[in-house]
Amino acid sequence: SIPLGYFGGIGAASRNGILFKGSNYLDVMAAVQNVVMDKTGTLTKGVFAVQEVVLQPGFDEADLLPMVNALESKSTHPVATAIREYLGAKAVPLEVREMEEIAGHGLAGTVTGKRLLVGNFRLLRKFNIAFDTAVEDIPLTVVAVAVDGVYAGMITIADVVKADAAEAIQALKRMGINTVMLSGDKSSVVKYVAERVGVAEAYGDLLPEDKVTRVKDIRAQKGSVAFVGDGVNDAPVIALSDAGIAMGGLGSDAAIETADIVIQNDQPSRIPMAVRIGRATKKIVW
Ligand code: ADP
Ligand code: MG
């Protein structure tokens, strides 16, 4: 039979919007050694806003932007949502063929007969497209565009760090827990966010499979891992962690389904709270 303390712990957590899918995860959180987090949608709001459109000479916004919009209309990624919000008014129904979403890279497809690439610089490198590498260092997420094998320009977008992210990281550190941020976004953005929230370690430019490798390494070298994420891409890491935590508000169904713990209101401060409830429950049980 399950000791009464566990029911108290699960109840206290659920009243605070933290759903534990089993009492054993109270124990896991009580003793957790590393909290590993995704950036976009976990520590940041995951709601990007377009900052600027910078096209190369010879490319025209009126031609190009509706094509970008048409391709992004097929994706549910937060980056795609930002582009659609911004370009939506310019929407023209255009024929999109052979659309392919390449995880951690972006989109490729044929729009009105032209080969379009819309994604990060890694996507451009994958297709051997030349671009000015100086633009890689700006601390903004970049949606680069190539048309028929030629770099056409970029749309810069920015996300906002969640209000309680820094406070959540501080609380975890005070509890003696190692904090790590993993992201598919480029290093300059990752570094900027890492400094703002104060995580002990941060790694960018990671493909979904790189996140899996990182989490396995952390477990092998530094002990138990709670991983917090929100995306479809996060489901594999959520599955392999000692405690997989999903942001439930904006999170993908795959992440929520795979998770052991769901944070309903998406607030990072619920992570140290889950540890606190786990530790308090343990005192009552044992
Ligand atoms: P993360 O959630 O850590 O940012 P993802 O693997 O979801 O990681 O995405 C990594 C990067 O791939 C994004 O930061 C973005 O630059 C690019 N990307 C992914 N999907 C799209 C898309 N639909 N349009 C443009 N860029 C995209
Ligand atoms: Mg994500």
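Note that the structure is predicted; figures quoted are calculated from it, not measured. (Residues numbered from 1 in each chain as written. Chains lettered and ligands numbered in written order. Predicted model: local features only at pLDDT ≥ 70, side-chain atom pairs only at ≥ 80, totals over all residues.)

Can you help me understand the nonpolar core in this one?
The nonpolar side chains of a soluble globular protein tend to be buried with one another. Residues Val143, Val145 and Ile245 are the most contacted members of the largest nonpolar core, which totals 86 residues. Shared between two domains, this core holds at least three residues of each, these being domain 1 (4-45 + 161-285) and domain 2 (49-158). (Core = buried A, V, L, I, M, F, W, Y, C linked by C-beta atoms within 7 Å. Buried ≥ 20, exposed ≤ 12 C-beta atoms within 10 Å, placed from the backbone. Domains from an automatic or database assignment.)

Explain the site of ligand 1 to me, please; I cannot follow it from the model alone.
Taken together, 24 residues are adjacent to ligand 1, and Ser75, His77, Gly106, Asn120 and Gly184 come closest. Listed by contribution, the elements that provide at least two residues to the shell around ligand 1 are α3 (39-43), α5 (78-87), β5 (106-111), β6 (114-119) and β7 (141-147). The residue makeup of the shell around ligand 1, split by class, is seven nonpolar, 13 polar and four charged. The residues that make up the shell around ligand 1 include at least three from each of domain 1 (4-45 + 161-285) and domain 2 (49-158). (Near = placed C-beta within 6 Å. Helix = DSSP H or I, 4+ residues; strand = E, 2+ residues; numbered from the N terminus. Nonpolar A, V, L, I, M, F, W, Y, C, P; charged D, E, K, R; others polar.)

Explain the environment of Tyr6 to me, please; I cannot follow it from the model alone.
Structurally, Tyr6 is set in helix α1 (residues 4-15). Measuring from C-alpha to C-alpha, the distance between Tyr6 and Val47 comes to 36 Å, with 41 residues separating the pair along the chain.

Just checking my understanding: could you explain the pairing of β7 for this structure?
As a general feature of sheets, a regular strand has side chains that alternate between the two faces. Most of β7 is tucked away: seven of the seven residues are buried. Burial along β7 is two-sided: the residues Thr141, Val143, Val145 and Val147 and Val142, Ala144 and Ala146 are all buried. Here four bridges tie β6 to β7, and the two strands are oriented antiparallel to one another. Residue pairing for β7: Leu116 is matched across the bridge by Val147. (Pairing = 2+ DSSP bridges.)

I would appreciate a short explanation of the sheet that holds strand β3 (residues 49-55) in the present structure.
Sheet strands line up and pair through hydrogen bonds in the backbone, either parallel or antiparallel. The six strands lie next to each other as β3-β8-β7-β6-β5-β4, forming an open sheet whose pairing is antiparallel. Where the open sheet ends on each side, the last strands, each with one partner, are β3 and β4 (96-102). Direction aside, the axes of adjacent strands within the sheet are offset by 15 degrees on average. Looking at chain direction, β7 and strand β8 (residues 150-158) are connected through seven bridges and run antiparallel. Across the sheet, residue Val143 finds its bridge partner in β8, namely Ile155. (Axes fitted to C-alpha atoms, helices over the stretch in contact; angles between N-to-C directions.)

Teacher, can you tell me more about helix α8 (residues 187-197) here?
Since the α-helix advances by 3.6 residues per turn, residues separated by three or four positions end up pointing in the same direction. Along α8, the residues classified as buried are Val189, Val190, Val193, Ala194 and Val197. For α8, the buried positions fall inside an angular range of 130 degrees around the axis, keeping them on one side. For α8, the secondary structure elements touched by its buried residues are α3, β7, α7 (165-174), β9 (178-182) and β10 (201-203). Looking one or two places after α8, you find Gly198, whose phi comes out positive at around 80 degrees. (Arc of directions from axis to C-beta. Contact = placed C-beta atoms within 7 Å.)

Help me understand the packing of helix α4 (residues 61-72) against α5, please; the structure alone is not making it clear to me.
Two elements in contact, α4 and α5, have axes separated by 9 Å at closest approach and are oriented at 135 degrees. The pairing of α4 with α5 is recorded here as oblique in orientation. Between α4 and α5 lies a crossing whose hand is left-handed. Facing Leu65, Val68, Asn69 and Glu72 of α4, the residues of α5 in contact are Ala80, Ile83, Arg84 and Leu87. (Parallel < 35°, antiparallel > 145°, perpendicular 65-115°, else oblique. Left-handed = near helix turned anticlockwise from the far one by under 90°.)

Mind showing me how you'd approach the sheet that holds β9 here?
If you walk across this open sheet you meet the seven strands as β1-β13-β12-β11-β2-β9-β10, and the pairing is mixed. A strand with exactly one partner marks an edge of an open sheet, and here the two such strands are β1 (18-20) and β10. Looking at each pair of strands side by side, their axes are set apart by 20 degrees on average, direction ignored. The sheet contact formed by β1 and strand β13 (residues 261-263) spans three bridges and is antiparallel. Residue pairing in the sheet places Phe20 in a bridge with Ile261 of β13.

What am I meant to see in the environment of Glu95 here?
Secondary-structure assignment places Glu95 in the loop between α5 and β4. A tally of 9 C-beta atoms within 10 Å means that Glu95 is categorised as exposed.

Sorry, what's going on with the environment of Ile263 here?
Tracing the sequence through the fold places Ile263 in strand β13. Classification of Ile263 by C-beta neighbours within 10 Å gives buried; the count is 27. A sequence separation of 244 residues divides Ile263 from Leu19, and the C-alpha atoms of the two residues are 6.5 Å apart. Not counting chain neighbours up to four residues away, the residues in contact with Ile263 comprise Gly17, Ile18, Ile245, Met247, Gly248 and Arg270.

Honestly, the pairing of β6 in this entry has me stumped. Any pointers?
Sheet topology note: the β5/β6 ladder contains six bridges and is antiparallel. When the sheet's bridge partners are listed, Ala108 is paired in β6 with Leu117. Where β5 folds back onto β6 in an antiparallel hairpin, the turn is made up of two residues, including Thr112, whose phi is positive at roughly 45 degrees.

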